[in-house]
Every structure is written in C-alpha cells, then in structure tokens.
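Here's the letter readout for the chains.
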Amino acid sequence: MDLRPLAPDFGAEVLGATLIDVTERDDAYAFVRAAFEEHSVLLFRNQQISDELQAAYSRRFGELEIAKVASLGEGTPFSILTNVDRATGALVAPDHKEALRARANQLWHTDSSFKAQPALASVLSARTIPPSGGETEFASQRSAWARLPEDMRARIADLCVWHDYAHSRGQIAPHLASERERNAMPPVCWRIRWRNPVNGRDALYLASHAYAIEGMPREEGYALIRELIAHVTDPAHTYLHRWQAGDVVMWDNRATMHRGRPWPDNLHARLMKRTTISASDADGVAATRAPCSGETVGRVLQAAG
Ligand code: OGA
Ligand code: MN
C-alpha cells in the first residue's frame, strides 16, 4: 500500500488498497485511516463501485448520515447529485430544484457544518461523468490556517462562527431552502478552528454556510468570513479533481472546503453519489462545539417557504 501526492499542500492517491480491502481488512483500513487524517483528501481510482460497497466502505469510518430532508436520497445514506430527472430520464430545466442545488454546491463549502452533528468525511463516487467540466475542486483549511500570519491566527483563534444551510442556499435563490428544511436545520455555532485530535493540527472551520461571527457586528463578521474563505481558496493552493470512470474521492470535512465546477448541464448528464460520515467526539466534535446560544445571533435570511 502506498500514497502518491495529489497537490503540494494536501491530498493523496491511494495505491495498492481498494475500497473492498478497506472494508474487509483491518490493516488496509488502518493505512487509509492514517492517510485520511494526514492528507485530508484521498483518491481511489478504478473501483468497482456499487451502493453496497460505498456504504460498507464508508461505515468503516463511523456512523453514516441519513440524507437531509427534501434532498434526493432523503431517508437513505446516499445524497444524490444529478441533473437527470428520475421519472422521465430527461435533463432538468435550469430553474429546477436539482439544477439550483448543483449551483449551491458550486459555492466553496464543507459538508454538514450546518448540522447539529457535523460530518467527519464525505465519500463521493462518479456514476455518470460529463465529457467536459463537472470537476470537483478542493482547498485545505489546515494549510490555510498554517499560512495565516501569526497575528491573524492569534486574533481569530477563539472566535465562534454561525452556520446556516438557508444562508448558503439563499445565495443562489431566496426560497431554495424550503420551510421544511429550514425548520429541520436551525443555525448552529462552531469554533473557527478545528483541532485534529490525532495529530493536533489546526484547521479553519467555515465556508459557504457561515454567515456571522459571535459577538461581532453582522457586517464586520461577514467581511471576515469572506476574507478567510478567499484566503483558504487561493487558486495557488487548490486541487482540481478531473473525474474518471471508477473514481472515488473521500475528504475530511473538518479540514477542507470543496466545490463542484460547472458543466454544460443543458447538454450532458452528471450523476454523483455521496455518503457522509458523522463526526464523533473522538473526531473532535465536542472540542469544536461553541459555547454560545441561538439567542445571541439569530437567523439572517428569513425567506418564506
Ligand atoms: C458533495 C459536493 C460537488 C460535486 O457531494 O458534497 O459538494 O462536484 N459535490 O459534485
Ligand atoms: Mn459538498
């Protein structure tokens, strides 16, 4: 088993271990788990993927999230990202909810930071790949933390950040987060820094769901959030993954941001399936939970359902 770097700052391709190996063998799991903690984004090529294998592989790392309300895959461990209408097999119109969701996924984000139980990792498999575009781009919030000037790190280290699913969706369309989704997912607050409990390395923890900083005027907090996202996603430090058939990519939501890239979605189908592994206290959740309450910073975007 071996690793090959994907980018200068982070990311590795796993060689000599398949998803089946990790599912079946403790030594392969231990190797890949250590690589995940260290490199944040892992690529497996040429996998014989199936829903069963993806779920069994993912289950090795912890509890699986059940897909959130009103998303494709609701009630199952699979979040389905596609522009194909299940019922008709046709490509969806540009104003269809799934087309808008794809655009929301094209904002730099980390999965599930808006949930009361955040995500350790996501596992994404490409099932239908368009002939152009549709890449997935990654940035390291760990490398970004290390690249911040010392005085900036000291200034922000103890801040807490509010996250809201409705905020990121509101950037695409005012009613994209439904009333049901909004009610199911009220804003949550996390420390701005997630310390990896295995290696002690810090990462910024924010992205498109972040809308306010505890104890800061709204505008000032949001300006700082935007400044930090721009810092994390400096193009000199990102990794663009071009999908090939058989690829499976796994990332650490505690230490990275990602975004989907556009493709000609009026012409070509794209279908991706994601499983998401919940973070536990052993992964650093309790230590990252912010000591603030929902009364201090309320919801910003109150779009009626
Ligand atoms: C995801 C995601 C981006 C993409 O599955 O969480 O953001 O490229 N995907 O499909
Ligand atoms: Mn995502």
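Computed from a predicted structure; not experimentally measured.

What counts, and at which threshold
- Residues numbered from 1 in each chain as written.
- Chains lettered and ligands numbered in written order.
- Predicted model: local features only at pLDDT ≥ 70, side-chain atom pairs only at ≥ 80, totals over all residues.
- Heavy atoms only, no water.
- Donors = N, O, S within 2.8 Å, 3.2 Å for Na, K, Ca; no water.
- Helix = DSSP H or I, 4+ residues; strand = E, 2+ residues; numbered from the N terminus.
- Buried < 20%, exposed > 50% of the residue type's maximum accessible area, 1.4 Å probe, protein only.
- Phe/Tyr/Trp six-rings, centres within 6.5 Å; stacked < 30°, edge-to-face > 60°.
- Contact = heavy atoms within 4.5 Å.
- Salt bridge = Lys/Arg side-chain N within 4 Å of Asp/Glu carboxyl O.
- Pairing = 2+ DSSP bridges.
- Near = heavy atom within 4 Å.
- Polar contact = N/O pair within 3.5 Å; in protein donor to acceptor, adjacent residues only side chain to side chain.
- Areas by Shrake-Rupley, 256 points an atom, 1.4 Å probe, with all protein chains shown as cover.
- Nonpolar A, V, L, I, M, F, W, Y, C, P; charged D, E, K, R; others polar.
- Axes fitted to C-alpha atoms, helices over the stretch in contact; angles between N-to-C directions.
- Core = buried A, V, L, I, M, F, W, Y, C linked by side-chain atoms within 4.5 Å.

Here we look at the coordination of the manganese ion (ligand 2)
In the first shell of the manganese ion (ligand 2), the protein supplies His-109 (NE2), Asp-111 (OD) and His-258 (NE2), at 2.1 to 2.2 Å from the metal. Mapped onto the sequence, the donors of the manganese ion (ligand 2) take the spacing H-x1-D-x146-H. Taken together, the positions of Asp-111 in the loop between α4 (97–105) and β5 (119–128) and His-258 in strand β14 (residues 256–260) put the pair 147 residues apart, joining distant regions of the chain. Side by side, Asp-111 and His-258 carry an identical accessibility label, which is buried.

Overview of the packing of aromatic side chains
On inspection of all chains with the given rule, the structure shows nine aromatic pairs. Taking 6.2 Å as the distance between ring centres and 65° as the angle between the ring planes, the aromatic pair formed by Phe-36 and Phe-61 counts as edge-to-face. Placement of Phe-36 in helix α2 (residues 26–39) and of Phe-61 in the loop between α3 (51–59) and β4 (79–82) is noted, with a sequence separation of 25 residues between them. With relative accessibility at 0%, the residue Phe-36 sits in the buried group. Relative to Trp-251, the ring of Phe-138 lies with its centre 5.3 Å away and its plane at 55°, an arrangement referred to as tilted. Here the residue Phe-138 occupies a position in strand β6 (residues 136–140), and Trp-251 occupies one in strand β13 (residues 248–252), the gap between them amounting to 113 residues. Taken together, the ring pairs connect Tyr-29, Phe-36, Phe-44, Tyr-57 and Phe-61 into an aromatic cluster.

Things to note about the environment of Leu-176
Mapped onto the elements, Leu-176 comes out in the loop between α7 (165–170) and α8 (179–184). You can call Leu-176 buried: its relative accessible area is 6%. Each C-alpha atom of the pair Leu-176 and Leu-100 lies 7.5 Å from the other, and the pair is 76 residues apart in sequence. Leave out the neighbours within four places in its chain, and Leu-176 touches Lys-97, Leu-100, Arg-101, Ala-104, Arg-169 and Glu-181.

Looking at the pattern of salt bridges
For the structure on display, the rule yields 25 salt bridges. Taking the shortest distance from any N to any O, the salt bridge between Asp-27 and Arg-25 comes out at 2.9 Å. Note on Asp-27: relative accessible area 42%, which makes it partly exposed. You can call Arg-25 partly exposed: its relative accessible area is 34%. Each of the salt bridges in this network shares a partner with another, and the network as a whole consists of Arg-33, Glu-37, Asp-252, Arg-254 and Asp-283.

Topic: α4
Judged by how many residues are buried, α4 sits mostly within the fold: seven of nine residues are covered. Taken residue by residue, α4 has Glu-98, Ala-99, Leu-100, Arg-101, Ala-102, Ala-104 and Asn-105 as its buried positions.

Comments concerning the pairing of strand β1 (residues 2–5)
Pairing of β1 with strand β2 (residues 12–15), which is carried by four bridges, proceeds in the antiparallel orientation. Paired with Leu-3 across the bridge in β2 is Val-14. In sequence, β1 turns back onto β2 through a hairpin of six residues, with Gly-11 there showing a positive phi of about 90°.

Details of the site of ligand 1
Contacts to ligand 1 come from Leu-81, Asn-105, His-109, Asp-111, Leu-124, Glu-135, Thr-136, Trp-251, His-258, Gly-260, Arg-270 and Arg-274. Between ligand 1 and His-109 there is a distance of 3.0 Å, counted from an oxygen atom to a side-chain nitrogen or oxygen. The protein chains hide 99% of the 290 Å² of surface that ligand 1 would expose on its own. For the shell around ligand 1, a count of residues per class yields three nonpolar, five polar and four charged.

Topic: the sheet that holds β6
In sheet architecture, strand pairing relies on hydrogen bonds along the backbone and comes in two forms, parallel and antiparallel. If you walk across this open sheet you meet the three strands as β12-β6-β14, and the pairing is antiparallel. Either end of the sheet is taken by a strand with one partner, and the two such strands are β12 (238–241) and β14. Within this sheet the neighbouring strands show an average axis-to-axis angle of 20°, counted without direction.

So, the nonpolar core
Counting 31 residues, the largest nonpolar core has Val-32, Leu-42, Phe-44, Tyr-57, Phe-61, Met-250 and Ile-277 as its most contacted members. Contributions of two or more residues to this core are made by β2, α1 (19–24), α2, β3 (41–44), α3, β5, β8 (188–191) and β13. Here this core takes five residues from α2, the largest share from any one element. Not counting chain neighbours up to four residues away, the residues in contact with Phe-61 comprise Val-22, Tyr-29, Val-32, Arg-33, Leu-120, Met-250 and Ile-277. The next biggest cluster of nonpolar side chains, apart from the first, holds 22 residues, and it includes Ala-157, Leu-159, Ala-210 and Leu-228.

Remarks on the environment of Arg-33
Mapping Arg-33 onto the fold places it in helix α2. Taking the relative accessible area as the measure of exposure, Arg-33 reaches 16% and is therefore buried. Residues Arg-33 and Val-22, 11 residues apart in the sequence, show an inter-C-alpha distance of 9.2 Å. Apart from residues no more than four positions distant in its own chain, Arg-33 is found in contact with Phe-61, Leu-120 and Asp-283.

Such coordinate-based values are descriptive only and should not be taken to indicate function.
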